[in-house]
Amino acid sequence: QGAIVLEYELAISGATPELTPVVKIFRLMTVLLPFILVCVFAWIFGHRFNKQLNEPIQQLIEGTKRVQSRDLNFTFSYEGTQELTQLTQAFEDMRKALSDSLQREMHLVQERRDMVAALAHDLRTPLAIIQGHVEGLMNGGPKRQERLDSYLLTIQKNTQRAARMIGEINEVSEMEKPEFRLQWQDVDLQQFVRDKVSDYEQLCHQQRLHFLCSYEDLRQKRTTIKMDPDRIAQIVDNVVSNSSRFTAENGEIHWELCMTDLQWTMKVSDTGSGFSKSSTPFLFDKFYQEDRLQPQRKGHAGLGLYIVKLLTMKHGGTVEASNTPEGGAYVLFHFPIRSGKE
């Protein structure tokens, strides 16, 4: 009918009464240790993560400042977490693109300066001659008919010379535009050669030169090919004109063509003085003129072979120039075959 209540209490205590405080401290540490470990781990991880973030971020900040000052002569090299690596790599790609764009802009600016300088230099001579002869005419030249005719002829030649140089520069500017396009046509190359040969024979005859032409078609099936006949004619005109200017009387200019199923080649060679060894790497550069040019043979802006290279590349071809074993010069072209159905 009654009840018994047993009440008891459990407590950690040392077997030795003197160690009881140590046991209490151990009990407290057991409770606090998880929180301490979490704090320590968070501090260590945060410190390392901050160190990892600080390096690429400082690089990005420094790179941004250098980009603002148009200084792109630096590189990024960071290896870490995937996201930061992608970020720095994207910034590096942007830097490279900006650097390339800046280099192109500087190159274009330099080309414009060179063009203006070359034009001013080359126009100075014909304009000075024209001015001198005009002053001579104003000072009594018309009173002598033979002097009048001579002066007018000189003025006409130098006017044409100046107009030719300006025309070359304008033509190059048009060809370098991205919207420049060739006028592709189906052309019978053999007939094209026949039509041009008569022009070159007449040109060489006037300068007491011999013009030779050879044509060979090794294709299994002879069809028309795709090309811009006016621009190909311009290429050959420039090269033949150069050869005629540097070939002495009774010399030869040889135009050779060969067609295969994959490509057609064209070579213009002469028995003239040839190219100097130092000029060979620069023959197709814009405004380049050899020092061997005699004053009476000048009058060009140094754009003839540059135009030849531009038009050849527009046709998908290649061009090279050097000297023949006999000492004359040659210019060799390779063009891919574009059939009429292509």
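Look up: the structure comes first, before these words.
Before going into details, it helps to say that this report is about the structure given with it.

What counts as what
- Residues numbered from 1 in each chain as written.
- Predicted model: local features only at pLDDT ≥ 70, side-chain atom pairs only at ≥ 80, totals over all residues.
- Heavy atoms only, no water.
- Helix = DSSP H or I, 4+ residues; strand = E, 2+ residues; numbered from the N terminus.
- Buried < 20%, exposed > 50% of the residue type's maximum accessible area, 1.4 Å probe, protein only.
- Contact = heavy atoms within 4.5 Å.
- Areas by Shrake-Rupley, 256 points an atom, 1.4 Å probe, with all protein chains shown as cover.
- Pairing = 2+ DSSP bridges.
- Axes fitted to C-alpha atoms, helices over the stretch in contact; angles between N-to-C directions.
- Salt bridge = Lys/Arg side-chain N within 4 Å of Asp/Glu carboxyl O.
- 1 Å grid on protein atoms, 1.4 Å probe; cavity = no way out; pocket = protein on both sides within 12 Å on 5 of 7 lines; lining within 4 Å.
- Points joined across faces, edges and corners; volume = space filled by probe spheres on them.
- Expected span 1.5 Å × (residues − 1).
- Bend = angle between axes of the 7 residues up to and from the residue.
- Nonpolar A, V, L, I, M, F, W, Y, C, P; charged D, E, K, R; others polar.
- Patch = residues over 30% accessible without salt bridge, like charges linked within 9 Å, V, L, I, M, F, W, Y side chains within 5 Å.

1. Brief notes about the overall build of the protein chain
In step 1: The secondary structure content of the protein chain amounts to 6 helices and 7 strands.
In step 2: Across the 342 residues that make up the protein chain, the buried fraction comes to 33%.
In step 3: Once local pairs closer than 6 in sequence are excluded, the contacts in the protein chain between residues at least 24 apart make up 67%.
In step 4: Total accessible area on the protein chain is roughly 22,800 Å²; 55% of this is exposed by carbon and sulfur atoms.

2. Description of the sheet that holds strand 2 (residues 210-217)
In step 1: Strand order in the open sheet formed by 5 strands is 2-4-5-7-6, and the pairing between neighbours is mixed. Sheet topology places strand 2 and strand 6 (318-323) at the edges, where each strand pairs with a single neighbour. Neighbouring strand axes in the sheet, compared pairwise and without regard to direction, differ in orientation by 10° on average.
In step 2: Summarising the sheet, strand 5 (residues 263-270) and strand 7 (residues 329-336) pair through 7 bridges and their orientation is antiparallel. Its bridge partner lying in strand 7, Ser269 is registered against Tyr330.
In step 3: Against the sheet, helix 4 (residues 189-206) makes contact with strand 2, strand 4 (252-259) and strand 5, and its axis sits at roughly 170° relative to strand 2, the strand it touches most.

3. Some points on the pattern of salt bridges
In step 1: Counting across every chain of the model gives 8 salt bridges.
In step 2: Residue Arg231 is joined to Glu171 by a salt bridge in which the shortest nitrogen-to-oxygen separation is 3.2 Å. Placement of Arg231 in helix 5 (residues 229-245) and of Glu171 in helix 3 (residues 145-175) is noted, with a sequence separation of 60 residues between them.
In step 3: Residue Arg219 pairs with Asp217 through a salt bridge whose shortest N-O separation is 3.0 Å.
In step 4: A residue is classified by how much of its surface remains accessible, and Asp217, at 12% relative accessible area, is buried.
In step 5: Members of the salt-bridge network, linked through shared partners, are Lys196, Asp199 and Asp237.

4. Section: the layout of surface pockets
Picture a little ball the size of a water molecule; that probe, rolled over the atoms, points out where space is still empty.
In step 1: If you add up the space inside the second largest pocket, you get close to 230 Å³.
In step 2: A per-element tally of the lining of the second largest pocket places helix 2 (residues 82-138) first, with 5 residues.

5. Focus on the environment of Gln183
In step 1: With respect to the helices and strands, Gln183 occurs in the loop between helix 3 and strand 1 (185-187).
In step 2: A relative accessible area of 52% places Gln183 in the exposed class.
In step 3: Separated by 45 residues in sequence, Gln183 and Asp228 place their C-alpha atoms 5.2 Å apart.
In step 4: If sequence neighbours within four positions are ignored, Gln183 has contacts with Met227, Asp228 and Pro229.

6. Some thoughts on helix 1 (residues 20-68)
In step 1: If you check helix 1, its first and last C-alpha atoms are 70 Å apart, about what 49 residues at 1.5 Å a residue would give, namely 72 Å.
In step 2: Its axis deflected by about 45° at Leu32, helix 1 carries its strongest bend there, up to four residues before the proline Pro34.
In step 3: Where helix 1 terminates, the next one or two residues include Arg70, which has phi positive at roughly 60°.

7. Considering unusual backbone geometry
In step 1: Its identity as a non-glycine residue notwithstanding, Arg208 has a phi of 60°, on the positive side.
In step 2: Within the element layout of this structure, Arg208 appears in the loop between helix 4 and strand 2.
In step 3: Here the phi dihedral of Asn250 falls at roughly 70°; this positive angle occurs in a residue that is not glycine.
In step 4: A relative accessible area of 60% means that Asn250 is categorised as exposed.

8. Here we look at empty space enclosed by the protein
In step 1: Within the structure shown, the criterion is met by 1 cavity of 30 Å³ or more.
In step 2: Roughly 50 Å³ of volume is contained in the largest cavity.
In step 3: Residue lining of the largest cavity: Trp184, Lys226, Met227, Trp264, His315, Phe335, Pro336 and Arg338, and that is the complete set.
In step 4: Counting only elements with at least two residues in the lining of the largest cavity, the list comes to strand 3 (225-227) and strand 7.
In step 5: Looking at side-chain class alone, the lining of the largest cavity contains 5 nonpolar, 1 polar and 2 charged residues.

9. Here we look at the pairing of strand 5
In step 1: Extensive coverage of strand 5 is indicated by the burial of 6 of its 8 residues.
In step 2: Across 7 bridges, the pairing between strand 4 and strand 5 is antiparallel. Paired with Ile253 across the strands is Asp270, a residue of strand 5.
In step 3: Taking the residues that link successive antiparallel strands as the turn, the strand 4-strand 5 hairpin has 3 residues.

10. What to know about a nonpolar patch on the surface
In step 1: Judged by side-chain polarity, Ile25, Leu28, Met29, Val31, Leu32, Leu33, Phe35, Ile36, Leu37, Val40, Trp43 and Ile44 come together as a nonpolar surface patch covering roughly 1,200 Å² of accessible area.
In step 2: Residue classification places Phe35 among the exposed positions, given a relative accessible area of 58%.

11. A short note on the environment of Thr260
In step 1: If you trace the backbone, Thr260 turns up in the loop between strand 4 and strand 5.
In step 2: Separated by 77 residues in sequence, Thr260 and Ile337 place their C-alpha atoms 8.1 Å apart.
In step 3: Apart from residues no more than four positions distant in its own chain, Thr260 is found in contact with Leu218, Arg219 and Ile337.

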